[in-house]
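# Structural description and commentary
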Amino acid sequence: MAAPDRPTGLIAKSGIELLTFGTPNGHKASIILEELKEAYGKEYTFQSINIMQNIQKEPWFIKINPNGRIPALVDHDRNDFPVFEGAAILTYLTRYYDPENKFSFDNDPDDLSRAEQWIAWQTGGIGPMQGQANHFLRAAKEDSPWGIQRYVGETERLYGVLDAHLKDRDYIVGPGRGKYSIADIANFGWINMSLALGIDLEKQFPNVFKWWERIYARPAVKKGLAVPSESRFSIEAIKEQIKENPEFKENYDKSLEKINKAKEKFGKHDYDVYKSLFALYLDIQKGKVLDGLDETEAKGRWKSFLGKWNRGELSKHWYDPSTLQRSLHGMSTSDEIHKREERARQGPDDVALAGDADTSSDDDSIGPTLPGQESRSRGSSSRMGPSIPNIQDLELKREMEDEDKLTYRDSIRQARKAERKAQKAALDELVPRAEPGTRERQLEKKTEINAKMKGFREKSPGAALEIPDSELMGGGGDDGVEGYKKKKAELERRKTEREIRKEEILRARMEEREERLREHREKENKTIEMLRQLAKERFG
């Protein structure tokens, strides 16, 4: 049952009431409801929430879904219980209205977990990435080749993941070749919009294409795609509009051209355009300075950078247009710093000559750059005198100071190591050491250790107690050889006493056992003798 064009609140009193629109997320809910209707006869009511009119932001809808997004539903049979988010709706409906587990795996915890993983993969992967790709392609106020490249490329990467998973399967989850389930429904809505991004499933992802055909052939799926209306960007809708609507075909071709240009624009021939961004990437990610690399290494790293960019493997901020602008500004600032350093290295005559060559009649070109004159000063290369440092200058200065500190600290460490090594070598020449492994070498080590301990003891506060070297090295007192012999003799004595006690105890036990056996035998003999007497009396 459908509702009026402009919903103002809930209309049903019983059953399930779905609030949705013709989007991939909306079709998740309508498809599972149509499947439940076909399998169990579960009826439902739906209302079309036109997101272009912001109906989902109205107070009555916010009470159902605080996030103001479709789809959402209200289960009037369970105390008007509201459920929002497509993934939550899928699990809720199968939990309460799929007793035979036709579309879920409540009877198999492992497959249920796998289904939840692929649903989470969709909500965190294909959904957001494909949605952002559509935004930059059709809704962004300004063209952003970087955004299109980033999100279309990431969408294609995710499609490749699903294509590899479906290589020997009919459905995403389930034993054998799989079973049609909510994991397939969650992903189908977005895959059904792939052609809107110029993704040809049959050519690029054949396994996904067969999977899509298999699911699209289900009657309940087609009915669900029509609730409340089929998207004009679905695969079949786009194919039909391309054939029948020349204007749509023209716009679609423009979109494909925009996608292809976005992919091609950042290529190997655009090194000069994106040199600043590449230099920033090397500096931050690799700790390399582009100007310090030779031509071969720079080309190799540029090729690697391009590959990662086009595969969508870089962090999101690298695809942000503002990052390119910052890199360009940073490079211009770096060039200005190099020019100032070059002028500082020049002599007075050279500076005078340079001033004559660049003389300008504009008095404003002398002195620091004032606020509001930045753009004018950048366009002029004849400004003389210091300029007001910007944030990039200060950051660069701080980074250079930190690098200098680290370099200075490392140089001191290296110098100390070299000095100690030289002192050791000189000492070895003056006083040659004994051969390693000999007793003389061991004695030398003991002497060195003794000297270190003695020095430490003398430097220690309150170290007035004198301890003999033999005590420090374990060579006197009870800890020496004599003490060791005494302790060993004592241990032997104790061991002997223990053995004697054990033997005495064992001997006593054996005598006790023999006594018991003797008593037992005597008792047995008496019993046998008595029995013989009885037998003799009775039988003669």
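Overview of the structure. (Residues numbered from 1 in each chain as written. Predicted model: local features only at pLDDT ≥ 70, side-chain atom pairs only at ≥ 80, totals over all residues. Heavy atoms only, no water.)

### Re a negative patch on the surface
What counts, and what does not: Every patch collects residues that have over 30% relative accessible area and no salt bridge, joining them within 9 Å if they carry like charges and within 5 Å if they are nonpolar side chains (Val, Leu, Ile, Met, Phe, Trp, Tyr). To be clear on the numbers: accessible area is Shrake-Rupley with a 1.4 Å probe, and residue cover counts the displayed protein chains and nothing else. Salt bridge, as applied in this entry: a Lys or Arg side-chain nitrogen positioned within 4 Å of an Asp or Glu carboxyl oxygen. Neither His nor the chain ends contribute to the count of charged residues, in which Lys and Arg are positive and Asp and Glu negative. Lys charges are placed at NZ, Arg charges at CZ, Asp charges at CG and Glu charges at CD. Secondary structure is summarised from DSSP: a helix means a run of H or I of at least four residues, a strand means a run of E of at least two, and numbering begins at the N terminus for each. Burial status follows relative accessibility: with a 1.4 Å probe on protein chains alone, a residue under 20% of its type maximum counts as buried, one over 50% as exposed, and anything between as partly exposed.
Where like charges cluster on the molecular surface, the negative patch consists of Asp283, Glu395, Glu399, Glu401, Asp402, Glu403 and Asp404. At 6 residues, helix α17 (residues 391-430) tops the list of elements feeding residues into the negative patch. With respect to the helices and strands, the residue aspartate 402 is situated in helix α17. Overall, the relative accessible area of 38% leaves aspartate 402 in the partly exposed class.

### Regarding the pattern of salt bridges
Opposite charge on two side chains makes pairing possible when the charged atoms of those side chains draw close. Inspection of every chain in the model, using the stated rule, returns 20 salt bridges. Arginine 157 serves as the salt-bridge partner of glutamate 154, at 2.8 Å between the closest nitrogen and oxygen. Of this pair, glutamate 154 and arginine 157 both sit in helix α5 (residues 145-165), separated by 3 residues, roughly a single helical turn. Across the pair arginine 494 and glutamate 490 runs a salt bridge whose closest N-O atoms are separated by 3.1 Å. Of this pair, arginine 494 and glutamate 490 both sit in helix α20 (residues 481-539), 4 residues apart, roughly one helical turn. Classification of glutamate 490 as partly exposed rests on a relative accessible area of 28%.

### Notes on the environment of phenylalanine 305
By secondary structure assignment, the location of phenylalanine 305 is in helix α13 (residues 295-310). A relative accessible area of 0% places phenylalanine 305 in the buried class. Between the C-alpha atoms of phenylalanine 305 and tyrosine 281, which are 24 residues apart in sequence, the distance is 8.6 Å.

### Structural notes on the environment of aspartate 294
This is how the line gets drawn: Definition of a polar contact: a pair of N or O atoms within 3.5 Å, with one able to donate and the other able to accept a hydrogen when the atoms are protein atoms, and with sequence-neighbouring residues admitted only if both atoms are side-chain atoms.
With respect to the helices and strands, aspartate 294 occurs in the loop between α12 (275-286) and α13. Aspartate 294 sits in the partly exposed class, given a relative accessible area of 46%. In terms of polar contacts, aspartate 294 uses its side chain to reach the backbone amide nitrogen of threonine 296, at 3.3 Å. Separated by 2.7 Å, the side chain of aspartate 294 and the backbone nitrogen of glutamate 297 make a polar contact.

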